[in-house]
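Structural overview for review
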Amino acid sequence: PGVRRKTASVVLDTAFGGLKPYAIGGGVQTKTLRLQTATKKEYALRSIDKSFGRALPDIYKGTFVENLLNDQVSIGHPYASITIPGMAEAAGIYHAKPIIRYVPKQPALDTFNAAFGDQLYILEQRPDENWEEATNFGSTKNIIGTEKLFEKLLEDNSNLADQHMFVRARLFDMFIGHWGRHEDQWRWA
């Protein structure tokens, strides 16, 4: 009680050696901005202030119904991703290291300033290809997405998924109540 913590802000052109926004993403609730370093390492800003508005029929947008639903967004536990790395580490599961950051309007946001500036986000690694310096991804030199995994599995029968690790990750998802993981949220080492 009485203690206030100041949330650090992120300046994109210096964070992680410099981040350049290149694409908007996100699902029904979350607004996402994908970022990339000069060495092609990817990161994502995911909005903490979520909205169900994109899932509503047009007739309800801008009405009390949208306001009522948005008031219930907290059931999605918008800060939950901050609590996961310690548990995932203990369970032996590869994981990102999300941090909460305020993103002020800034020249590095370029055309994304209006939509993404002056808001609070989860900033996290979005692993793809070589992340051998990241022990939280098992120091993996070749991380791929689900679509590429399927291609590799189909092209050669000697390519296999680590079934024990997959089941461990899925059981962990069930344990933490993450029921809606979609294929773009999976990365394969």
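Structure: above.
Overview of the structure. Predicted, not measured: the structure shown is a model, and the values here were computed from it. (Residues numbered from 1 in each chain as written. Predicted model: local features only at pLDDT ≥ 70, side-chain atom pairs only at ≥ 80, totals over all residues. Heavy atoms only, no water.)

1. Some words on a negative patch on the surface
This is how the line gets drawn: A patch consists of residues whose relative accessible area exceeds 30% and which take part in no salt bridge; residues with like charges are grouped when within 9 Å of each other, and nonpolar side chains (Val, Leu, Ile, Met, Phe, Trp, Tyr) when within 5 Å. Surface accessibility in these figures is a Shrake-Rupley result with a 1.4 Å probe; residues are shielded only by whichever protein chains are displayed. Between Lys or Arg on one side and Asp or Glu on the other, a salt bridge is scored when a side-chain nitrogen of the former is within 4 Å of a carboxyl oxygen of the latter. Counted charges follow a simple rule, with Lys and Arg positive, Asp and Glu negative, and His plus the chain ends left uncounted. By convention, charge coordinates are those of NZ in Lys, CZ in Arg, CG in Asp, or CD in Glu. In this text, helices come from DSSP runs of H or I with a minimum length of four residues, and strands from runs of E with a minimum of two, each type numbered from the N-terminal end. Here's how the labels work: a residue is buried when its accessible area is under 20% of the maximum for its type, exposed when over 50%, partly exposed in between, all with a 1.4 Å probe on protein chains only.
Residues Glu 147, Glu 151, Glu 155, Asp 156 and Glu 183 make up a contiguous surface patch of negative charge. Within the fold, Glu 147 resides in helix α4 (residues 146-155). When its relative accessible area of 56% is taken as the criterion, Glu 147 is described as exposed.

2. Some remarks on the sheet that holds strand β3 (residues 42-47)
Spelled out, the test is: Two strands qualify as a pair provided DSSP detects at least 2 bridges between them. A fitted line through C-alpha atoms represents every axis, and for helices the fit uses only the stretch in contact; the resulting angles, taken between N-to-C directions, go from 0 to 180 degrees.
Ordered by their spatial adjacency, five strands build an open sheet running β1-β2-β3-β5-β4, and the pairing between neighbours is antiparallel. Edge strands, defined here as strands with exactly one partner in the open sheet, are β1 (20-25) and β4 (99-103). Recorded for the sheet is a direction-independent mean angle of 35° between the axes of neighbouring strands. In terms of strand pairing, strand β2 (residues 32-36) meets β3 through five bridges, oriented antiparallel.

3. Some details on the side chain of Glu 42
Which entries qualify depends on this criterion: Here a polar contact is recorded for every N or O atom pair within 3.5 Å, except that within protein the pair must consist of a potential hydrogen donor and a potential acceptor, and residues adjacent in sequence are included only if both atoms are side-chain atoms. In what follows, a contact means two residues having at least one pair of non-hydrogen atoms within 4.5 Å.
Its place among the elements puts Glu 42 in strand β3. Exposure remark for Glu 42: the relative accessible area of 11% places this residue in the buried category. A polar side-chain atom of Glu 42 sits 2.6 Å from a polar atom in the side chain of Tyr 22. If sequence neighbours within four positions are ignored, Glu 42 has contacts with Tyr 22, Leu 35, Gln 36, Gln 125, Arg 126, Asp 128 and Trp 131.

4. Some points on the pattern of salt bridges
Across all of its chains, the model carries nine salt bridges by this definition. The residue Arg 126 makes a salt bridge to Asp 184 at a minimum N-O spacing of 3.0 Å. Of this pair, Arg 126 sits in the loop between β5 (119-125) and β6 (144-145) while Asp 184 sits in the loop between α5 (163-176) and β7 (187-188), and the two are 58 residues apart along the sequence. Among the residues examined, Arg 126 registers a relative accessible area of 13% and is labelled buried. Classification of Asp 184 as partly exposed rests on a relative accessible area of 36%. Note that Arg 187 and Asp 184 form a salt bridge whose closest N and O atoms lie 3.7 Å from each other. A cluster of three or more residues bridged by salt bridges with shared partners is formed by Arg 34, Glu 42, Arg 126, Asp 184 and Arg 187.

5. Some thoughts on α5
We count it as follows: For a helix, the expected span equals 1.5 Å multiplied by the residue count minus one.
Spanning 14 residues, α5 covers 20 Å between terminal C-alpha atoms, matching the ideal 20 Å at 1.5 Å per step. Sitting at the amino-terminal end of α5 is Asp 162, which places a side-chain oxygen 3.2 Å from the backbone nitrogen of His 164. Phi for Gly 177, located one or two positions after α5, is positive at around 80°.

6. Some remarks on the side chain of Asn 113
By secondary structure assignment, the location of Asn 113 is in helix α3 (residues 113-116). Asn 113 gets classed as buried once you look at its relative accessible area, which sits at 18%. When near neighbours in sequence (up to four residues on either side) are disregarded, Asn 113 contacts Lys 105, Gln 106 and Pro 107.

7. Here's the deal with the pairing of β2
Bridge analysis of β1 against β2 gives five bridges, and the strand direction is antiparallel. Opposite Ala 23, over in β2, you have Arg 34 as the bridge partner.

8. Points about the nonpolar core
Applicable threshold: Within this scheme, the nonpolar core is defined by two criteria: the residues are buried Ala, Val, Leu, Ile, Met, Phe, Trp, Tyr or Cys, and they are joined through side-chain atoms within 4.5 Å.
Leu 12, Leu 33, Leu 35, Leu 45 and Leu 109 are the most contacted members of the largest nonpolar core, which has 20 residues in total. At the level of secondary structure, the elements contributing two or more residues to this core comprise β2, β3 and β5. Among residues more than four places away in sequence, those in contact with Leu 33 are Pro 21, Ala 23, Ile 24, Tyr 43, Ala 44, Leu 45, Leu 109, Phe 112 and Phe 116. Counting residues in hydrophobic clusters, the runner-up holds nine residues, among them Ala 88, Ile 144, Ala 169 and Phe 172.

9. Considering the packing of helix α2 (residues 80-91) against α5
Stated formally: For this classification, under 35 degrees means roughly parallel, over 145 means roughly antiparallel, 65 to 115 means roughly perpendicular, and everything else is oblique. Take the far helix as your reference; a near helix turned counterclockwise from it by less than a right angle gives a left-handed crossing, and one turned clockwise gives a right-handed crossing. Throughout, the ten residues Ala, Val, Leu, Ile, Met, Phe, Trp, Tyr, Cys and Pro are labelled nonpolar, Asp, Glu, Lys and Arg are labelled charged, and all others, Gly among them, are labelled polar.
The N-to-C vectors of α2 and α5 enclose an angle of 140°; their axes lie 11 Å apart at closest approach. Here α5 runs oblique to α2, going by the angle between their axes. Of the two elements, α2 crosses α5, and the hand of that crossing is right-handed. Two secondary-structure elements touch here, α2 through Ile 84, Met 87, Ala 88 and Ala 91 and α5 through Arg 168, Phe 172 and Ile 176. In terms of residue class, the contact of α2 with α5 is built from six nonpolar, no polar and one charged.

Purely geometric numbers; function is a separate question.
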